[in-house]
Amino acid sequence: METLIYKALDYGLALGASYVEVRWQRDVGTVAGLRNGQLEFSTTYFSEGIAVRAVAGGGMGFASITNTSLEEVLNAVEQAVKLAKAAGKWRKSPVTLSEENMANFSYTVPSIDLDPVDVLKVLDESVDKMVNVRRLVANVWTTEKRVVTSDGADVFSKIPRIYVYAMLIRHEPSLGSLQRDLFFGGTSRDSVEGAEKVVEEESKKLSLLLEKAKPISPGRYDVVFAPEMTGILVHESIGHPFELDRIYGREGAEAGESYIRPGNLRIRIGSEYVNITDYPAVPGTYGFYLVDDEGVVARPKQLVRNGVATEFITNRQYAAVIGAHSNGGARASLYSREPIPRMSNTYLEPGDWKPDEMIKDTRRGVYVVSYTEWNINDTRYSGRYGILEGYLIENGELKHPIRGFIEVETPELWGNLDAVGRDFKLYVGTCGKGNPSQGVPVTMGGPTFRSRNLRVVP
């Protein structure tokens, strides 16, 4: 494989490319599903191939193949260079890549020795018997990559992952239905330790919330968000709009645009207490990696510092656009997908409040633990988040469960933040973006925090 990869690099350069990148990737895994205790499916899967990117004639081209014979790989190189030159004719400015100290090492994460069916059986037995529908899916797989570039990167990685999804529905004809979606995962078998307890507790809550939750009176409330809410808010209103390709419009017809404009990058996002980071190299996490798919070493990306946008998630192409270095944000989900700027583990950094101190310090408010559906507009400026588990706060005490929605604009959400907890938790997710679509493993979260005077409606 090594000889083949380096022949491909040399061939691309001989065809006139100024940059060639060859990535071999193999994914092998087992996925299984249970529905109401019955095995729906269990199967193994395998994908392997080579991706080639080239910069030539002012443009960038991408090609991928499943046949890894030398002849087919060289054909892919020809196609990538040809596409790059064709694309370059239509560009206003040529594609350039940021200068980087390219990585040159290999790393392997210990394998995850778990059977998805066994994992699901344990979780299924933990679901409260009052739940009407329980659907569980578990996926255990290993991704191997070799990334080699014509400017010096040569990185091999082998990373196992486990992902578990639980959909729980409680239905009572006289009251309606509630659905709880739970996600677990990471890069070690410890990632799902304790999941059965969470499933048991969350499934029991559905009956209580369905029976007891009251529609909230519309108005302005001080809202205390638990870490699960912090995660979805950070991911949608900070993570996505901080992807630099999105800011420059590349995702305009796909995943969307950003409220941040190319001519005004260093905008104020929130109050002085808002510090938000994306860091791939957190051990054991679902979004873990040490080197991105362009051969750049991952490091913490300090997206927001003291409320001001300070850094963006980028690859080498868009880093060059703003005269910066890449921060190792290029990821590809499969060998057949190109690496683009993506989140990894994105979180609000902890403060010094205890969560219960925020409750006691709130005269009239809402404490939101978890969400149902959420909607956010194309630029990630305006969002609407459905409350699954939430409670009214009166004079510093939690009262009855409530149901409703939080309608908020991003500057208001983070600008009204006045307290950040010292607790911290990350939640698993699959982030979608790109065309063809790419879903990549991520986590999102942080501590409990409070934002004042937000609009809450029934």
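Residues numbered from 1 in each chain as written. Predicted model: local features only at pLDDT ≥ 70, side-chain atom pairs only at ≥ 80, totals over all residues. Heavy atoms only, no water.

Looking at an unreviewed UniProt entry, one finds the chain named TldD/PmbA family protein and attributed to Pyrobaculum arsenaticum.

K.L.:
What am I meant to see in the overall build of the chain here?
P.N.:
In terms of regular secondary structure, the chain is built from nine helices and 23 strands. For a compact globule of 458 residues, the expected C-alpha radius of gyration is about 23 Å, and the chain comes in at 23 Å, within 12% of that figure. Each principal axis of the C-alpha distribution contributes one length, and for the chain these read about 70 × 50 × 35 Å. Looking at the 458 residues of the chain, the share that counts as buried comes to 56%. (Helix = DSSP H or I, 4+ residues; strand = E, 2+ residues; numbered from the N terminus. Rg over C-alpha atoms; globule rule 2.2 N^0.38 Å. Buried < 20%, exposed > 50% of the residue type's maximum accessible area, 1.4 Å probe, protein only.)

K.L.:
When you look at the UniProt feature "domain: Metalloprotease TldD/E C-terminal" (unreviewed entry) in the chain in this model, what are you seeing that I'm missing?
P.N.:
The UniProt record marks residues 218–456 with the feature "domain: Metalloprotease TldD/E C-terminal" (unreviewed entry), using the residue numbering of this structure. Each end of residues 218–456 is marked by a C-alpha atom, and these two atoms are 6 Å apart; helix forms 15% of the span and strand 39%. (UniProt positions renumbered as here; feature names shortened; annotations may be inferred.)

K.L.:
I would appreciate a short explanation of the pattern of salt bridges in the present structure.
P.N.:
For side chains bearing opposite charge, pairing can occur when the charged atoms are close. In the structure shown here, the tally under the stated rule is 33 salt bridges. With a shortest N-O distance of 3.0 Å, Asp 418 and Arg 450 are connected by a salt bridge. Taken as a pair, Asp 418 in strand 20 (residues 417–420) and Arg 450 in strand 23 (residues 449–457) lie far apart in primary sequence, 32 residues in all. Look at Asp 418 and you get partly exposed, because its relative accessible area is 23%. Arg 450 gets classed as buried once you look at its relative accessible area, which sits at 1%. (Salt bridge = Lys/Arg side-chain N within 4 Å of Asp/Glu carboxyl O.)

K.L.:
Before we go on, may I ask you to explain the domain arrangement of the chain in this structure?
P.N.:
In many analyses, interface size is given as the accessible surface area lost on bringing the parts together. Here the chain is partitioned into domain 1 (1–212) and domain 2 (215–457). Just the C-alpha atoms count here: the centres of domain 1 and domain 2 sit 21 Å apart. Tallying the contact residues gives 53 residues for domain 1 and 38 residues for domain 2. A buried area of about 3600 Å², summed over both sides, lies between domain 1 and domain 2, and 55% of it is on carbon and sulfur atoms. The partner of Asp 151 in a salt bridge is Arg 316, with the nearest N and O atoms 2.7 Å apart. Counting across the domain 1 and domain 2 interface gives 18 residue pairs in polar contact (both at pLDDT 80 or more). Elements supplying a minimum of two residues to the side of domain 1 that touches domain 2: strand 1 (19–35), strand 2 (38–56), strand 3 (59–65), strand 4 (104–108), strand 5 (133–149), strand 6 (154–172), strand 7 (176–186) and helix 4 (195–212). Looking at the side of domain 1 that touches domain 2 element by element, the count peaks at seven residues for strand 7. Of the residues belonging to the side of domain 1 that touches domain 2, the class tally is 24 nonpolar, 14 polar and 15 charged. (Domains from an automatic or database assignment. Contact = heavy atoms within 4.5 Å. Buried area = accessible area lost by both parts, 1.4 Å probe. Polar contact = N/O pair within 3.5 Å; in protein donor to acceptor, adjacent residues only side chain to side chain. Nonpolar A, V, L, I, M, F, W, Y, C, P; charged D, E, K, R; others polar.)

K.L.:
Just to check I follow, could you spell out the environment of Thr 44 for this structure?
P.N.:
Turning to its location among the elements, Thr 44 is positioned in strand 2. Separated by 15 residues in the primary sequence, Thr 44 and Gly 29 place their C-alpha atoms 5.6 Å from one another. With residues near it in sequence (within four places) discarded, Thr 44 still touches Gly 29 and Thr 30.

K.L.:
Where do I start with the UniProt feature "domain: Metalloprotease TldD/E N-terminal" (unreviewed entry) in the chain in this structure?
P.N.:
Within this structure's numbering, the places UniProt gives as "domain: Metalloprotease TldD/E N-terminal" (unreviewed entry) are residues 20–84. Secondary structure across residues 20–84 comprises 23% helix and 65% strand; the distance between its end C-alpha atoms is 11 Å.

K.L.:
Hey, could you run me through the sheet that holds strand 11 (residues 301–305) in this one?
P.N.:
Across a sheet, strands are paired by hydrogen bonds formed along the backbone, either parallel or antiparallel in direction. Taken in spatial order, the six strands of this open sheet run 12-11-10-15-22-21, and their pairing is mixed. Of all the strands in the sheet, the pair left with one neighbour each is strand 12 (308–309) and strand 21 (425–433). (Pairing = 2+ DSSP bridges.)

K.L.:
Before we go on, may I ask you to explain the pairing of strand 18 (residues 397–403) in this structure?
P.N.:
Where strand 8 (residues 214–215) lies against strand 18, two bridges are found, and the strand directions are parallel. Looking at the pairing, Pro 215 lines up with Arg 403 of strand 18. Counting the residues between successive antiparallel strands, the hairpin from strand 17 (residues 382–394) to strand 18 contains two residues, one of them, Asn 395, with a positive phi of roughly 50°.

K.L.:
Could you clarify how one ought to interpret the side chain of Glu 21 in this entry?
P.N.:
Take Glu 21: it is sitting in strand 1. A polar contact of 2.7 Å, which involves the side chain of Glu 21, links it to the side chain of Tyr 19. Discounting residues that sit within four places of it in the chain, Glu 21 has contacts with Leu 9, Ala 51, Val 52, Arg 53, Val 148, Thr 149, Asp 293, Glu 294 and Pro 339.

K.L.:
I'm lost on the packing of aromatic side chains in this one. Help?
P.N.:
Here the structure, examined in full by the defined rule, presents 12 aromatic pairs. Centroid distance Tyr 347 to Phe 424: 5.4 Å. Interplanar angle 85°. Geometry classified as edge-to-face. Linking Tyr 347 in strand 15 (residues 345–348) with Phe 424 in the loop between strand 20 and strand 21, this pair joins segments that are 77 residues apart in sequence. Owing to a relative accessible area of 12%, Tyr 347 belongs among the buried residues under this scheme. (Phe/Tyr/Trp six-rings, centres within 6.5 Å; stacked < 30°, edge-to-face > 60°.)

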